[in-house]
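Letter by letter, the chains look like this.
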Amino acid sequence: MVQDWREIVAKKRAEVAKQLPQEWRLPQTILGEINANADIGVLDIPAKSGVLTSKEVEITEKYDAVDLVAKMAAKELSSSEVTLAFCKRAAVAHQVINCLTEMFFDQALERAKHLDEYLEKEGKPMGPLHGMPISLKDSFMVKGIHSTIGYVSFIERPPAEVNSPLVNILLQNGAVLYVKTNIPQTLMTADSENNVFGRVLNPHKLKLNAGGSSGGEGALVGMRGSILGVGTDIGGSIRIPAVCCGTYGFKPSVGRMPYGGQANPSLDGWTGIMPVAGPLAQSPRDLRLFLEAVIKSKPWDFDYAALAMPWHSVPEKKTLTIGVILECPTWPVTPPIMRAMRTATEKLKQAGHNIVMLGNFPSFKEATELSWQFFDIDNECTGFKHIDASGEPWVKSVADMYTPPPEGRKIKTLRDLFDMNAKQLDFRRGWLNIFMGNSLDVILAPGAHTTAVPHDTFRLPPYTVMWNLLAYPACIIPYLKADKSIDMPDARTPDYDPEVVDGAPCNVQIIARSEQDEELMAAVEIVAKVLEV
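Residues numbered from 1 in each chain as written. Predicted model: local features only at pLDDT ≥ 70, side-chain atom pairs only at ≥ 80, totals over all residues. Heavy atoms only, no water.

**What to know about the overall build of the chain**
Operational definition: Segments assigned H or I by DSSP are reported as helices when at least four residues long, segments assigned E as strands when at least two residues long, and all are numbered from the N terminus. Based on C-alpha atoms, the radius of gyration is set beside the globule rule, defined as 2.2 Å times the residue count to the power 0.38. Burial status follows relative accessibility: with a 1.4 Å probe on protein chains alone, a residue under 20% of its type maximum counts as buried, one over 50% as exposed, and anything between as partly exposed. Here, residues are in contact when the closest pair of their heavy atoms is within 4.5 Å. Areas reported here follow the Shrake-Rupley algorithm with a probe of radius 1.4 Å; residue values treat only the protein chains shown as occluding.
Looking only at helices and strands, the chain has 19 helices and 13 strands in total. Its C-alpha atoms give the chain a radius of gyration of 22 Å, near enough to 24 Å, the size a compact globule of 533 residues would have. Its C-alpha atoms give the chain principal-axis dimensions of about 60 × 55 × 50 Å. Scored against the burial criterion, the 533 residues of the chain give a buried share of 60%. By sequence separation, contacts in the chain at least 24 residues apart represent 80% of the contacts at least 6 residues apart. When the accessible surface of the chain is summed, it comes to about 20,800 Å², and 53% of that surface belongs to carbon and sulfur atoms.

**A look at the UniProt feature "binding site: substrate" (unreviewed entry) in the chain**
Our working definition: UniProt positions are given in the numbering used here, feature names are shortened, and annotations may be inferred rather than shown by experiment.
UniProt's feature table lists "binding site: substrate" (unreviewed entry) at Leu187, Ser213, Ile234, Gly235, Gly236 and Ser237, given in the numbering used throughout. Across 51 residues, the annotated set stays spatially compact, with a maximum C-alpha separation of 10.9 Å. As for its position among the elements, Ser213 is in the loop between strand S5 (198-199) and helix H9 (215-222). If sequence neighbours within four positions are ignored, Ser213 has contacts with Lys137, Asn182, Ile183, Pro184, Leu187, Thr189, Ser192 and Ser237. Topologically, Gly235 is positioned in the loop between strand S6 (228-233) and helix H10 (239-245). Excluding its chain neighbours within four sequence positions, the residues that come into contact with Gly235 are Ile240, Phe375, Pro461, Thr464, Val465 and Asn468.

**Details of the packing of aromatic side chains**
This is how it is decided: The pairing test for Phe, Tyr and Trp rings, Trp by its six-membered ring, is centres within 6.5 Å, and the orientation test on the planes gives stacked under 30 degrees, edge-to-face over 60, and tilted for anything in between. Over a ring means this: the NZ of a Lys or the CZ of an Arg is within 6 Å of the ring centre and within 35 degrees of the ring normal.
Within this structure, the stated rule accounts for 13 aromatic pairs. A ring pair is formed by Phe364 and Tyr463, whose centres lie 4.9 Å apart and whose planes are at 35°; its orientation type is tilted. With a gap of 99 residues between them, Phe364 in helix H13 (residues 364-375) and Tyr463 in helix H17 (residues 462-470) connect regions that are remote in the sequence. Since its relative accessible area comes to 0%, Phe364 is described here as buried. Judged by centre distance (5.8 Å) and plane angle (85°), the ring pair of Phe435 and Tyr472 falls under edge-to-face. Here the residue Phe435 occupies a position in helix H16 (residues 414-437), and Tyr472 occupies one in the loop between H17 and strand S12 (474-481), the gap between them amounting to 37 residues. Classification of Phe435 by relative accessible area gives buried; the value is 1%. In this structure Tyr472 comes out as buried when scored by relative accessible area, which is 4%. Aromatic rings pair up to connect Phe361, Phe364, Trp431, Phe435, Tyr463, Trp467 and Tyr472 into one cluster. The ring of Phe154 carries Arg157 above its face, with NZ or CZ at 3.5 Å from the centroid.

**Focus on the pattern of salt bridges**
What counts, and what does not: A carboxyl oxygen of Asp or Glu within 4 Å of a side-chain nitrogen of Lys or Arg is what we treat as a salt bridge.
In the structure shown here, the tally under the stated rule is 34 salt bridges. Of the charged contacts in the structure, one is a salt bridge between Arg256 and Asp517, with a shortest N-O distance of 3.3 Å. Of the two residues, Arg256 sits in the loop between strand S7 (248-251) and strand S8 (276-281) while Asp517 sits in helix H19 (residues 517-531), which places them 261 residues apart along the sequence. Grouping residues by exposure puts Arg256 and Asp517 together as buried. Put simply, Asp487 and Arg339 hold a salt bridge, and the shortest N to O gap is 2.6 Å. Taken together, the residues Asp487 in the loop between S12 and helix H18 (498-501) and Arg339 in helix H12 (residues 335-350) connect sequence positions 148 residues apart. For Asp487, a relative accessible area of 2% corresponds to the buried category. Several salt bridges converge on common partners, so that one network encompasses Asp191, Glu193, Arg199 and Asp456.

**A short note on the packing of H16 against H17**
Defined as follows: Helix axes use the C-alpha atoms of the stretch in contact, all axes being lines fitted to C-alpha atoms, and the angles between their N-to-C directions lie in the range 0 to 180 degrees. An angle below 35 degrees is treated as roughly parallel, one above 145 as roughly antiparallel, one from 65 to 115 as roughly perpendicular, and anything else as oblique. Any residue that is not Ala, Val, Leu, Ile, Met, Phe, Trp, Tyr, Cys, Pro, Asp, Glu, Lys or Arg is counted as polar, Gly included; the first ten are nonpolar and the last four charged.
It is the contact of H16 with H17, at a shortest axis distance of 9 Å, that shows an interaxial angle of 100°. By the criterion of interaxial angle, the relationship of H16 to H17 is roughly perpendicular. Where H16 abuts H17, its residues Gln424, Phe427, Arg428 and Trp431 lie against Met466, Trp467, Leu469 and Leu470. Of the residues in the contact of H16 with H17, the class split is six nonpolar, one polar and one charged.

Quick look at the structure:
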């Protein structure tokens, strides 16, 4: 007799629950208010929970990763202290926003102890990430830890026997790994919900989505249960959680970060739009710390698909030429996003940067439609077969976006793929002309058409997937918050409700051309400084 999927999930959830130490559990007085419809934020709970000491609150709230790495190298703090603080904060965060899939705190504390001993013995840090706790999206393989990626049919798979290449690089650089984070069923929606672990909630307002597919990362970093985490991105999966949860999120060019060796929902040999790995963080310099540490480790020696393209310094620019896209006529943005875009543009102009308002550019709607044709290239529908294998149902966000039309799904042919590739090249040609014709350094555009929204209503992400289609690097900068007293309703965006999203983080997105990750990183630092974020 086939075991009911609910029994398999119940057993898995019980195993994960045991990973949470009893002494770090929150009282019912706090947990009683937590649900997916609650109109409350939980950013203050770690500090007032009583689980963290005052010093642990300071460690997790006062510093960024660059600060903490420096303090550990100077022996002002130990890795054991820092790791314990973030283990506790992640445990607290998980109890209110459901952001974790696996917790391996004991293993992390052993690693931290080893790093402290290494520093004492060798007189120098192990690497540029020495002692720093880093969180990982569930898809990354960590030896001895499960990667179910939200599929019930993956629960019975054995723990990883080897690390993903990126995991090996992080360890080589002195990082401490301590948690893996929650994702959506199929890894292809902006609502991180699955039947194995449940739904990730937004720490700014629980009734809003946390983004996806790296939604657990975004929520955890947003709540500072981690201040440096790793996600992946094929249509916006690093940047949408950054948008929703008010963090930085950097999608590198294809191949700059090692992506291989992950649990995968798709067929091997995927083509078209390629996924990438990248960081979510609380500061621009933490993004740089991560990018430089990984790329200077020669990821091409770890992952055969990584580009053999060393990190290089770029000339410092006092003045940027920035192309600005306030919105695409085919996909209007909501009033809070438009306010963030206009305010950022004006500040950059006042700071002396050259602003080029772009009004004629390829359609974001057509780019989104083409991208979703690429995502549907697998005629075997492998990602959905993984759902059906256990008998579990499709979650709402997956059903809303991917239920085939009444006439059935259209089978893709090799000729279809050629036609799609030709259209993709047309987009690349169009954007190259825009960059070169206007002598642009970067583009400033919305990170999304909206802030975080009520669960299961975000759907398509035109303002992120465009840059995946082009294989351009792009970065979210958190900037301003939705304000119901300023951001009035707009008939162009009828789904926008000022009351519902009041207080949700807003953002801008910076985009550079392919393989110009160093130029993008430098521009992000310049823009963030002007915007004072």
